[in-house]
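In case you want the letters, here they are:
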Amino acid sequence: MATKRLARQLGLIRRKSTAPANGNVGRSKSKQLFDYLIVIDFESTCWNDGIRHRSQEIIEFPAVLLNTSTGEIESEFHAYVQPQEYPILSEFCMELTGIKQDQVDEGVPLKICLSQFCKWIQKIQQEKKIIFATGISDISTSEVNLCAFVTWSDWDLGVCLEYECKRKQLIKPVFLNSWIDLRVTYKIFYKRKPKGLSGALEEVGIQFLGREHFGLDDSRNTALLAWKMIRDGCLMKITRSLNKIKEVEMEHK
């Protein structure tokens, strides 16, 4: 019995899923390693003046929780973040993202945003018995749901957040060190290179909903694409982990 329970916790055995509330979302055909996916798509400061030495700062921090059995988005987090290195948004940035100066002025610094995000994570962990891929070795005997982060490319977690936290000497949550790059996963699974997120959605017959380059809409649409890929038989796996890189660095010190 204990072996069966552990296998279920590791995602090797699927539990029966309940039907979604709206009744028309469908079910996952493939057995997934992760019961939940959290999709993140940051928006950051940007310029179109040819100056490349500026460091980008996160100005919108969205996340959506996708149930990989039902396709439902069960929870969302959203915050505007106040840039502090370059507090005035460029016209190009505001036009691209639709984010206005007063929205970031009324936002919170990244340090506070990360604290708010961690509280949201703790809340859904308690409500849905979620653990992250990095915590597999800490699995207890009680039933848990495995969860992984998803981004469209490695930029969000591998570049943008990573380097901003280093510059500002902020502690980045360890669970954000591993993720699934859906762009790479898409390319491998469908054997074709996607033309951006909206292009990838169009290729699988889904219309982009909302405004492109608005982080929360991008996150919701990325979740829609992930769900479509799961229904098509794609097995979602971690594609990048900064933990391995840091472990190698420690070994060489």
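Under the annotation held in an unreviewed UniProt entry, the chain carries the name ERI1 exoribonuclease 2 isoform X6 and is attributed to Vicugna pacos.

A word on the nonpolar core. Here is a general trend for soluble globular proteins: nonpolar side chains tend to be buried in one another's company. Counting residues in hydrophobic clusters, the biggest one holds 38 residues, and the most contacted among them are Leu37, Leu182, Leu225, Met229 and Met236. The element contributing the most residues to this core is helix α8 (residues 215-231), with seven residues. Once residues within four sequence positions are removed from consideration, Leu37 is found in contact with Val64, Leu65, Leu66, Thr68, Cys147, Ala148, Val150, Ile180, Ala226, Ile230 and Met236. The next biggest cluster of nonpolar side chains, apart from the first, holds 32 residues, and it includes Ala79, Val108, Ile124 and Phe132.

All chains considered together, the criterion is met by 13 salt bridges. Residue Glu162 is joined to Lys172 by a salt bridge in which the shortest nitrogen-to-oxygen separation is 2.6 Å. Highlighted residues: Glu162 in helix α5 (residues 155-167) and Lys172 in the loop between α5 and β7 (178-181), separated in sequence by 10 residues. Each member of the pair, Glu162 as well as Lys172, is classed as buried. Three or more residues joined by partner-sharing salt bridges are found here, namely Glu57, Glu164 and Lys168.

Where helix α6 (residues 182-190) contacts α8, the two axes come as close as 11 Å, and the packing angle between them is 30°. Put simply, α6 runs roughly parallel to α8. Between α6 and α8 the crossing geometry is left-handed. Only Thr222, Leu225, Ala226, Lys228 and Met229 of α8 make contact with α6, whose side of the interface consists of Leu182, Thr185, Tyr186, Phe189 and Tyr190. Each residue belonging to the contact of α6 with α8 can be placed in one class, and the counts come to seven nonpolar, two polar and one charged.

Turning our attention to α6. Think of an α-helix as 3.6 residues a turn; residues three or four steps apart then line up on the same face. When we look at burial in α6, the residues that qualify are Leu182, Thr185, Tyr186 and Tyr190. In an axial view of α6, the angular spread of the buried residues amounts to 105°, which keeps them on one side of the axis. In the stretch just after α6, Lys191 is the one whose phi turns positive, near 60°.

The rules behind each value
- Residues numbered from 1 in each chain as written.
- Predicted model: local features only at pLDDT ≥ 70, side-chain atom pairs only at ≥ 80, totals over all residues.
- Heavy atoms only, no water.
- Core = buried A, V, L, I, M, F, W, Y, C linked by side-chain atoms within 4.5 Å.
- Buried < 20%, exposed > 50% of the residue type's maximum accessible area, 1.4 Å probe, protein only.
- Helix = DSSP H or I, 4+ residues; strand = E, 2+ residues; numbered from the N terminus.
- Contact = heavy atoms within 4.5 Å.
- Salt bridge = Lys/Arg side-chain N within 4 Å of Asp/Glu carboxyl O.
- Axes fitted to C-alpha atoms, helices over the stretch in contact; angles between N-to-C directions.
- Parallel < 35°, antiparallel > 145°, perpendicular 65-115°, else oblique.
- Left-handed = near helix turned anticlockwise from the far one by under 90°.
- Nonpolar A, V, L, I, M, F, W, Y, C, P; charged D, E, K, R; others polar.
- Arc of directions from axis to C-beta.

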